[in-house]
2 protein chains.
Amino acid sequence: MSDNSYFKHHVFFCTNQRKNGEACCANHGADKLRAYAKDKVKSLKLSGEGKVRINSAGCLDRCDQGPVMVVYPEAVWYTFVDEEDIDEIVESHLKNGKVVERLKV
Amino acid sequence: MSDNSYFKHHVFFCTNQRKNGEACCANHGADKLRAYAKDKVKSLKLSGEGKVRINSAGCLDRCDQGPVMVVYPEAVWYTFVDEEDIDEIVESHLKNGKVVERLKV
């Protein structure tokens, strides 16, 4: 059904903040890197219906592998460390459709 | 690639609150109904890896059709009014794999 997807690539960043010092995506700059990804997608004119959407989401329940994002409808999960990782995911996957194998979880 | 999806059905409820009285999902009880859906999925033992995950998300950019949720990887979008709508989506789609045509957007 992915041919009918409202967004070609719909990206969800876990930005959940857990308490008591438990491992969570928010402790790894997830929200800042989500904002960076959103700006980059916009600057490349990739955003909008039929194209790319960057969202924040609650806990995606893969805390130990965090920070994580998931790209639908293709259901590809990534982890990331810094802006260079985000650049590669945006340019390779979201712009050119090529999955970034080294960052997959 | 949906055969490899970490979650069989990954559901995102827009729970974004817009300001200044603009149309938004949060004005239609989206967060309360998300919590209801999460509880129902759990009570039916549908939740977990390889099964169903219910998440909240930021603005899904379909405000005028809200409240909305999207189910991935199948990329099916729904609107909903009350708990009965949620019951139908959970039981028909998430449990039995049958899309609820009347609630699609």
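Residue numbers restart at each chain and count upward from 1, following the sequence in its written direction. Following the order in which they are written, the chains are lettered starting with A and the ligands numbered starting with 1. Under the rules for a predicted model, residues below a pLDDT of 70 receive no local features and side-chain atom pairs below 80 are neither given nor counted, while totals for whole chains, interfaces and linings still include all residues. Hydrogens are left out, water is left out, and the side-chain values use all remaining heavy atoms of the structure.

A. Representation of the packing of helix H1 (residues 30-43) of chain B against helix H2 (residues 83-95) of chain B within the structure. All names here are of chain B. A fitted line through C-alpha atoms represents every axis, and for helices the fit uses only the stretch in contact; the resulting angles, taken between N-to-C directions, go from 0 to 180 degrees. For the purposes of this entry, the term helix denotes a DSSP run of H or I that reaches at least four residues, the term strand denotes a run of E that reaches at least two, and both are numbered from the N terminus. Contact geometry for H1 and H2: axes closest at 10 Å, N-to-C directions at 40 degrees. Here H1 lies oblique to H2, going by the angle between them. Our pair here, H1 against H2, has a crossing hand that is right-handed. Of the residues in H2, those touching H1 at Leu33, Tyr36, Ala37, Lys40 and Val41 are Glu83, Ile86, Asp87, Val90, Glu91 and Leu94. We call two directions roughly parallel when the angle between them is under 35 degrees, roughly antiparallel when it is over 145, roughly perpendicular when it lies between 65 and 115, and oblique otherwise. What makes a crossing left-handed is the near helix being turned counterclockwise from the far one by less than a right angle; a clockwise turn instead makes it right-handed. The contact criterion used is simple: two residues touch if any of their non-hydrogen atoms lie within 4.5 Å.

B. Region of interest: the packing of aromatic side chains. Planes of paired rings set the category: under 30 degrees apart is stacked, over 60 is edge-to-face and the rest tilted, where pairs are Phe, Tyr or Trp rings (Trp by its six-membered ring) whose centres lie within 6.5 Å. Tallied over the full model, the rule gives 12 aromatic pairs over all chains. By way of ring pairs, the aromatic residues Phe12 and Tyr72 of chain A together with Phe12 and Tyr72 of chain B are connected into one cluster. Lysine and arginine charges are scored as sitting over a ring when NZ or CZ, respectively, is within 6 Å of the ring centre and within 35 degrees of the ring normal. Over the face of the ring belonging to Tyr6 of chain A we find Arg62 of chain B, whose NZ or CZ atom lies 3.8 Å from the ring centre. It is Arg62 of chain B that lies over the ring of Trp77 of chain B; its NZ or CZ is 4.6 Å from the centre.

C. Seen up close, the interface of chain B and chain A. The interface of chain B with chain A comprises 21 residues on the first partner and 22 residues on the second. Of the roughly 1900 Å² buried between chain B and chain A on both sides combined, carbon and sulfur atoms contribute 59%. Counted as salt bridges are all cases of a side-chain nitrogen of Lys or Arg within 4 Å of a carboxyl oxygen of Asp or Glu. Our enumeration of links across chain B and chain A arrives at 2 salt bridges. A salt bridge links Asp61 of chain B to Arg53 of chain A, with the nearest nitrogen and oxygen atoms 3.5 Å apart. The definition of a polar contact used here is a pair of N or O atoms within 3.5 Å, where within protein one atom must be able to donate a hydrogen and the other to accept one, and adjacent residues in sequence count solely through side-chain atom pairs. Our count for the contact surface shared by chain B and chain A stands at 10 residue pairs in polar contact (both at pLDDT 80 or more). Accessible area that two parts lose when put together, with a 1.4 Å probe and added across both, is what the buried area reports.

D. A look at the relation of the copies chain B and chain A. Between chain B and chain A, which share one sequence, the superposing operator has a rotation angle of 180 degrees and an axial displacement of 0.0 Å; the RMSD is 0.0 Å. Interpreted geometrically, this transformation is the action of a two-fold axis. Looking at the interface residues of chain B, 100% of them are also at the interface in chain A, so both copies use one shared face. What sets the superposition is a least-squares fit of C-alpha atoms, and only residues with pLDDT of at least 70 in both copies go into it.

E. Examining the pattern of salt bridges more closely. Residue and element names in this part refer to chain B. Evaluated as defined, the whole model comprises 16 salt bridges over all chains. The salt bridge involving Asp31 is made with Arg34; its shortest N-O contact spans 3.4 Å. One end of the pair, Asp31, and the other, Arg34, are both in helix H1, 3 residues apart, so they sit about a helical turn from each other. Only protein chains enter the accessibility calculation, which uses a 1.4 Å probe; a residue is then buried when its area is under 20% of its type maximum, exposed when over 50%, and partly exposed in between. You can call Asp31 partly exposed: its relative accessible area is 43%. When its relative accessible area of 16% is taken as the criterion, Arg34 is described as buried.

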